[in-house]
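# Report on the structure
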Amino acid sequence: MKFAAYLTSEEFQLEISEEIANSKDFKTPLLYTLDCAVDFYSDQLGLSFTYDIYTLNQFKKAKLPKSIKAMLDKSIQTGDPCITNKSNSDSEYYKNFLIHYFENMDGKFVTVLNSYQTEFDTFDKSLLKILQNVIYDYYLQYNYIYEASEKLEKNETISPDN
């Protein structure tokens, strides 16, 4: 919850606005935010995970276990992230996974978090969903403001008073 609160802070809004302004796409600020989450989990909780963001087509072609790929349908149907944790937590050969499908004006994406040690839970599911929704809201707001300011600027340059 501490990280979710950070996502709505003024400090983060300024950081993410700069990321959006410099990128003009949704994936870049999402990568930035997930990197922040990786750091937060490591620094504050002593937990680690890695992540990948795939387009839907990339996910279907990715070399992932079939059980992970099968989770996609559930995430699409429910709109929620899905978890699968390995049954033997001592096994260093298997990973825990958290996947989330999301669709926006830039396309269809699947975020996959994985870890050999960290087991994912409902808080992680909620955080991933909140994170993606907050970033997308900031992305839409920034683009709306940017487009409105461009129109205003364009109208001022073609004004007969000039």
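Notes on the structure follow. (Residues numbered from 1 in each chain as written. Predicted model: local features only at pLDDT ≥ 70, side-chain atom pairs only at ≥ 80, totals over all residues. Heavy atoms only, no water.)

What follows concerns the overall build of the protein. The helix and strand tally for the protein stands at six helices and four strands. Secondary structure elements of the protein occur, N-terminal to C-terminal, as α-α-α-β-α-α-β-β-β-α. Considering the protein as a whole, with its 162 residues, one finds that 36% of them fall into the buried category. Here the contacts in the protein between residues at least 6 apart in sequence split such that 57% fall between residues at least 24 apart. Looking at the protein as shown, the accessible area adds up to about 10100 Å², and 50% of this sits on carbon and sulfur atoms. (Helix = DSSP H or I, 4+ residues; strand = E, 2+ residues; numbered from the N terminus. Buried < 20%, exposed > 50% of the residue type's maximum accessible area, 1.4 Å probe, protein only. Contact = heavy atoms within 4.5 Å. Areas by Shrake-Rupley, 256 points an atom, 1.4 Å probe, with all protein chains shown as cover.)

Two aromatic rings are characterised by how far apart their centres lie and by the angle between their planes. A full pass over the atoms with the stated rule returns 12 aromatic pairs. Aromatic pair Phe102 and Phe109: ring centres 5.4 Å apart, planes at 25°, arrangement stacked. For the pair Phe102 and Phe109, a shared accessibility class is recorded, and that class is buried. One aromatic cluster is present, formed by Phe3, Tyr6, Phe12, Phe40 and Tyr138 through successive ring pairs. (Phe/Tyr/Trp six-rings, centres within 6.5 Å; stacked < 30°, edge-to-face > 60°.)

When you line up the elements, His100 lands in strand β3 (residues 96-104). With relative accessibility at 4%, the residue His100 sits in the buried group. Engagement of the side chain of His100 in a polar contact is seen with the side chain of Gln132, the distance being 2.3 Å. Leaving out residues up to four positions away in the same chain, His100 has contacts with Ser75, Gly79, Asp80, Pro81, Phe109, Val110, Thr111, Leu128, Lys129 and Gln132. (Polar contact = N/O pair within 3.5 Å; in protein donor to acceptor, adjacent residues only side chain to side chain.)

The next point concerns the sheet that holds β3. Across the sheet, four strands lie side by side as β1-β4-β3-β2; this open sheet has antiparallel pairing. Because the sheet does not close on itself, it has two edges, and the strands there are β1 (50-55) and β2 (82-84). Averaged over all pairs of adjacent strands, the angle between strand axes in this sheet comes to 20°, irrespective of strand direction. With three bridges connecting them, β2 and β3 associate as antiparallel partners. Looking at β3, one finds that Cys82 is bridged to Ile99. Where helix α3 (residues 27-45) meets the sheet, it contacts β1, β3 and β4 (107-115), and its direction lies at approximately 165° from that of β1. In the packing of helix α5 (residues 66-78) onto the sheet, the strands contacted are β2, β3 and β4, and the crossing angle to β3 comes to about 45°. (Pairing = 2+ DSSP bridges. Axes fitted to C-alpha atoms, helices over the stretch in contact; angles between N-to-C directions.)

Tracing the backbone shows Pro81 in the loop between α5 and β2. The exposure class of Pro81 is buried, given its relative accessible area of 3%. Measuring from C-alpha to C-alpha, the distance between Pro81 and Lys125 comes to 5.5 Å, with 44 residues separating the pair along the chain. Leaving out residues up to four positions away in the same chain, Pro81 has contacts with Ser75, Leu98, Ile99, His100, Lys125, Leu128 and Lys129.

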